[in-house]
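# Breakdown of the fold
In case you want the letters, here they are:
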Amino acid sequence: MVDFDVVELAEADHPRPGDNAPDFTRPLVTDEFWEDRTLSTLASEADGPTILVFTPMIGSFVGKYVWDELRDRDWDERAGRVIGVTISTPYAITRFLEDEDCPFAVFSDPTNAVAETYGVAHDLDDMNGLSEPRPAFFALESDLSVQAAWVASEWPEFPDYDDLEGDLGLE
Amino acid sequence: MNASTGRGDGRGGDDRTDPPITFYRLQACPYCERVTRTLQELDLEYRSRFVEPLHSKRDVVKRVAGVRTVPVIVDEDTGVTMAESANIVDYLESTYGDGTETSVGEQPAAADRDASGGDT
């Protein structure tokens, strides 16, 4: 462990298992294009639970580590659907997905309003006017009811991915 | 979405309510905006897919339409996939219009209409 204090974040007021996750529409970005999509539609189409992954902005090591890990763990093949949310613009996201050979799609939410509604927004010190999501994972049923949730409580903090896969129902 | 007409999907087999017209476009591309205006004036339901400026980043457009220029529309109701704004505007007006030219059709441009390379 490092010999200084990792920053603790205030407790997040996020949807818990059994709650209904908020629905939203945002541009969903792939490595080829972006278009408005609605979470509830995507979840209802998915073959299995939808896992919603919040990360800090593209360019942060936190975001990169999360997506690298999920790619390396083949979550694209192991979950019904994995969808990201971050504040970056579609241009930044599409470039990132391409550069990292990342098979996921990510919602672009520059105002961070989606993270606000999920209770996982994080105001950055000395980045005035800029708020981003803290890392968070939600496993959602097709009707958006929450099966499982993990939200970072420290800055930085990453989940124990093996535990998380169990909680989220991944084999 | 700019949905308003609720035109039927016409394609059985899934229960999605996707609009029949998919519109591949680029931000601030005048040719694309011209198609946008036509779609809106004809009150057509469509979904926009934004792509990047670099032609080399437009594999999806190439795959769908065989070209890397935008705009491109795919109309699932008619099976039509079409590039080039002048052609698209003509197609939309003749397919969905009431026979009168919309104001969009008043765009200058004999040259533009003839210019196969005119789009972005």
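Bear in mind the structure is a predicted one, so any value in this text is a computation, not a measurement.

## A word on the overall build of chain B
Counting its regular elements, chain B contains four helices and four strands. Mapped from its N terminus to its C terminus, chain B presents α and β elements in the order β-α-β-α-β-β-α-α. The burial tally for chain B puts 42% of its 120 residues in the buried class. Restricting the contact set of chain B to residue pairs at least 6 apart, pairs at least 24 apart contribute 61%.

## Here's the deal with unusual backbone geometry
Of note, the amide linkage connecting A:Trp155 to A:Pro156 takes the cis form, showing an omega dihedral of 5°. Relative to the assigned elements, A:Pro156 resides in the loop between strand S11 (154-155) and helix H6 (161-168). Of the consecutive residues B:Val70 and B:Pro71, the connecting peptide bond is found in the cis state with omega at 5°. The residue B:Pro71 is located in the loop between helix H2 (59-65) and strand S3 (72-75) in this model. Positive phi values are uncommon outside glycine, yet A:Asp101 reaches one of about 50°. Structurally, A:Asp101 can be placed in the loop between helix H4 (90-99) and strand S6 (105-108). A residue is classified by how much of its surface remains accessible, and A:Asp101, at 63% relative accessible area, is exposed. Positive phi, close to 60°, is recorded for B:Asp43, a residue that is not glycine. Assignment of secondary structure puts B:Asp43 in the loop between helix H1 (30-41) and strand S2 (46-50). With a relative accessible area of 39%, B:Asp43 lands in the partly exposed category.

## A word on the interface of chain A and chain B
Chain A puts eleven residues into the contact, and the matching count from chain B is 14 residues. For the chain A and chain B pair, buried surface summed over both sides reaches about 1300 Å², with 42% attributable to carbon and sulfur atoms. Per-residue buried area on chain A facing chain B is highest for A:Glu32, A:Trp34 and A:Tyr91; these three make up 42% of the total on that side. A salt bridge links A:Glu32 to B:Arg63; the shortest N-O distance between them is 2.8 Å. Joining chain A to chain B, the criterion identifies seven residue pairs in polar contact (both at pLDDT 80 or more). In terms of residue class, the side of chain A that touches chain B is built from three nonpolar, one polar and seven charged.

## Concerning the confidence of the model for chain B
Residues and elements named next belong to chain B. In this model, chain B carries an average pLDDT of 80, and 70% of its residues clear a pLDDT of 70 or more. Between residues 1-15, whose pLDDT stays under 50, and residues either more than four places distant or in other chains, the model counts 27 contacts. The low-confidence segment residues 105-117, where pLDDT is below 50, has ten contacts with residues more than four positions distant or belonging to other chains. For this predicted complex, the interface confidence comes out at an ipTM of 0.84, alongside a pTM of 0.84.

## Considering the pairing of strand S4 (residues 80-83) of chain B
Residue and element names in this part refer to chain B. Two strands pair when backbone bridges link them, and S3 and S4 are joined in this way by four bridges, in the antiparallel orientation. Looking at S4, one finds that valine 74 is bridged to threonine 81. Remark: four residues form the turn of the hairpin made by S3 and S4, two consecutive strands paired antiparallel; glycine 79 in that turn has positive phi of roughly 80°.

## Some details on the environment of A:Asn112
Residues and elements named next belong to chain A. Looking at where asparagine 112 falls in the secondary structure, it is placed in the loop between S6 and helix H5 (113-117). The class for asparagine 112 is buried, based on a relative accessible area of 1%. Once the C-alpha coordinates of asparagine 112 and serine 88 are considered, the two residues, 24 residues apart in sequence, prove to be 9.4 Å apart. Beyond its immediate stretch of four places on either side in the chain, asparagine 112 contacts Ile87, Ala121, His122, Ser131, Glu132 and Pro133.

Rules behind the numbers
Residues numbered from 1 in each chain as written. Chains lettered and ligands numbered in written order. Predicted model: local features only at pLDDT ≥ 70, side-chain atom pairs only at ≥ 80, totals over all residues. Heavy atoms only, no water. Helix = DSSP H or I, 4+ residues; strand = E, 2+ residues; numbered from the N terminus. Buried < 20%, exposed > 50% of the residue type's maximum accessible area, 1.4 Å probe, protein only. Contact = heavy atoms within 4.5 Å. Buried area = accessible area lost by both parts, 1.4 Å probe. Salt bridge = Lys/Arg side-chain N within 4 Å of Asp/Glu carboxyl O. Polar contact = N/O pair within 3.5 Å; in protein donor to acceptor, adjacent residues only side chain to side chain. Nonpolar A, V, L, I, M, F, W, Y, C, P; charged D, E, K, R; others polar. pLDDT = per-residue confidence, 0-100. Pairing = 2+ DSSP bridges.

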